[in-house]
Amino acid sequence: MKAKLYTLKAEAKPDFSLPKEYVKTSAISLLAQAVRVYEDRTHFGLSRVKTRSEVNISKKKIYKQKGTGGARHGAKSAHIFVGGGVVHGPTGMKRDLKMPINMKKKALLIALSNKFSSGKAILIEGINKITKTSEASKALMVIKSKLEVKSKVLVVLANSDAKIFRFFKNIKDVEVVKFSDLNAFLVFKRSLILVDSEVFRKETASPKVSRVKK
């Protein structure tokens, strides 16, 4: 598979050949599963409702069982009454969804492959030459203008370029992450991904799967 390659001045260069594991695929069921797992971890799951034994209302039987002409009822705390308890509501406990590491890695490869094949992920050459935030901001402005993109972008840096992280993190509408911390959810939710070309010039370009912190 080929990927578009640009310089920091948005000048197009010959397409870059990605590693052989990056292939165009329509197997999105695994990607959907991975996105579901990662997205679920962004919610704390602390919401909780009161049951009929916990609501602040009388537990006394509202009227006698027979002779009223009405339906049989117990206490006002029943879920059918206003102010009563809630049935089958959230309890404040959350079950963590998990995926095997190999499935996460494959889902990430699928997500990246689809982005590269659709032109929504491109390689940028020379990111390691940036020495200050203003240079990073100017380069991103030129590239976004060239590609006619106005939405928030994801910048993926090579593992060895952690020091450049601070040049991008304070720029508006930019999310930056190291390649070693990349996951399928981050790739899926961004409409444009700028990847440091040094990521694929190294001997090991296969992504390592990170965990999403709660």
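Let us look at the structure shown here. (Residues numbered from 1 in each chain as written. Predicted model: local features only at pLDDT ≥ 70, side-chain atom pairs only at ≥ 80, totals over all residues. Heavy atoms only, no water.)

What to know about the nonpolar core
- Formed by 35 residues in total, the largest nonpolar core has its most connected members in Phe116, Leu123, Leu182 and Phe200.
- The set of elements that each furnish at least two residues to this core consists of strand 1 (2-7), helix 1 (29-40), helix 2 (101-117), strand 3 (121-125), strand 4 (153-157), helix 5 (184-189), strand 6 (193-196) and helix 6 (198-201).
- For this core, the element with the highest residue contribution is helix 2, accounting for seven residues.
- Setting aside residues up to four positions removed in sequence, Leu123 forms contacts with Ala3, Lys4, Leu5, Tyr6, Phe16, Leu18, Phe116, Val195, Ser197 and Phe200.
- Listed in part, the 21 residues of the second largest apolar core include Ile124, Leu140, Val155 and Phe167. (Core = buried A, V, L, I, M, F, W, Y, C linked by side-chain atoms within 4.5 Å. Buried < 20%, exposed > 50% of the residue type's maximum accessible area, 1.4 Å probe, protein only. Helix = DSSP H or I, 4+ residues; strand = E, 2+ residues; numbered from the N terminus. Contact = heavy atoms within 4.5 Å.)

Some words on the sheet that holds strand 3
- Sheet architecture is open: six strands sit in the order 2-1-3-6-4-5, paired in mixed fashion. What marks the edges here is a single partner per strand, and that holds for strand 2 (12-17) and strand 5 (174-178). Strand-to-strand twist of the sheet, defined as the mean angle between neighbouring strand axes without regard to direction, takes the value 30°.
- The pairing of strand 4 with strand 5 spans five bridges and is classified as parallel. Residue pairing in the sheet places Leu154 in a bridge with Glu175 of strand 5.
- Together, strand 1, strand 3 and strand 6 form the strand contacts of helix 2, whose direction differs from that of strand 3 by roughly 80°.
- Seen against the sheet, helix 3 (residues 133-147) touches strand 1, strand 3, strand 4, strand 5 and strand 6 and runs at an angle of roughly 140° to strand 3. (Pairing = 2+ DSSP bridges. Axes fitted to C-alpha atoms, helices over the stretch in contact; angles between N-to-C directions.)

Examining the pairing of strand 3
- In terms of burial, strand 3 is a largely internal element, four of the five residues being buried.
- In the sheet, strand 1 pairs with strand 3 via three bridges, with the strands oriented parallel. When the sheet's bridge partners are listed, Thr7 is paired in strand 3 with Glu125.
- Sheet analysis places strand 3 next to strand 6, joined by four bridges and oriented parallel. Within strand 6, the residue paired with Ile124 across the bridge is Asp196.

Notes on the environment of Thr42
- The residue Thr42 is located in the loop between helix 1 and helix 2 in this model.
- Separated by 82 residues in the primary sequence, Thr42 and Ile124 have C-alpha atoms spaced 30 Å apart.
- A polar contact of 2.5 Å, which involves the side chain of Thr42, links it to the backbone oxygen of Glu39. (Polar contact = N/O pair within 3.5 Å; in protein donor to acceptor, adjacent residues only side chain to side chain.)

Some remarks on the pattern of salt bridges
- Considering all chains together, one arrives at five salt bridges under this definition.
- With its nearest N and O atoms 2.8 Å apart, the salt bridge here joins Lys13 to Glu125. In this pair, Lys13 sits in strand 2 while Glu125 sits in strand 3, placing the two residues 112 residues apart along the sequence.
- Classification of Glu125 as partly exposed rests on a relative accessible area of 24%. (Salt bridge = Lys/Arg side-chain N within 4 Å of Asp/Glu carboxyl O.)

Description of the packing of aromatic side chains
- This structure, assessed with the given rule, holds four aromatic pairs.
- When the ring of Phe179 is compared with that of Phe200, the centres are 6.1 Å apart and the planes differ by 70°; the resulting orientation is edge-to-face. Highlighted residues: Phe179 in the loop between strand 5 and helix 5 and Phe200 in helix 6, separated in sequence by 21 residues.
- With relative accessibility at 5%, the residue Phe179 sits in the buried group.
- Counting every residue linked through ring pairs, the aromatic cluster contains Phe16, Tyr22, Phe116, Phe179 and Phe200. (Phe/Tyr/Trp six-rings, centres within 6.5 Å; stacked < 30°, edge-to-face > 60°.)

Everything listed here is a matter of geometry and, on its own, says nothing about what the molecule does.
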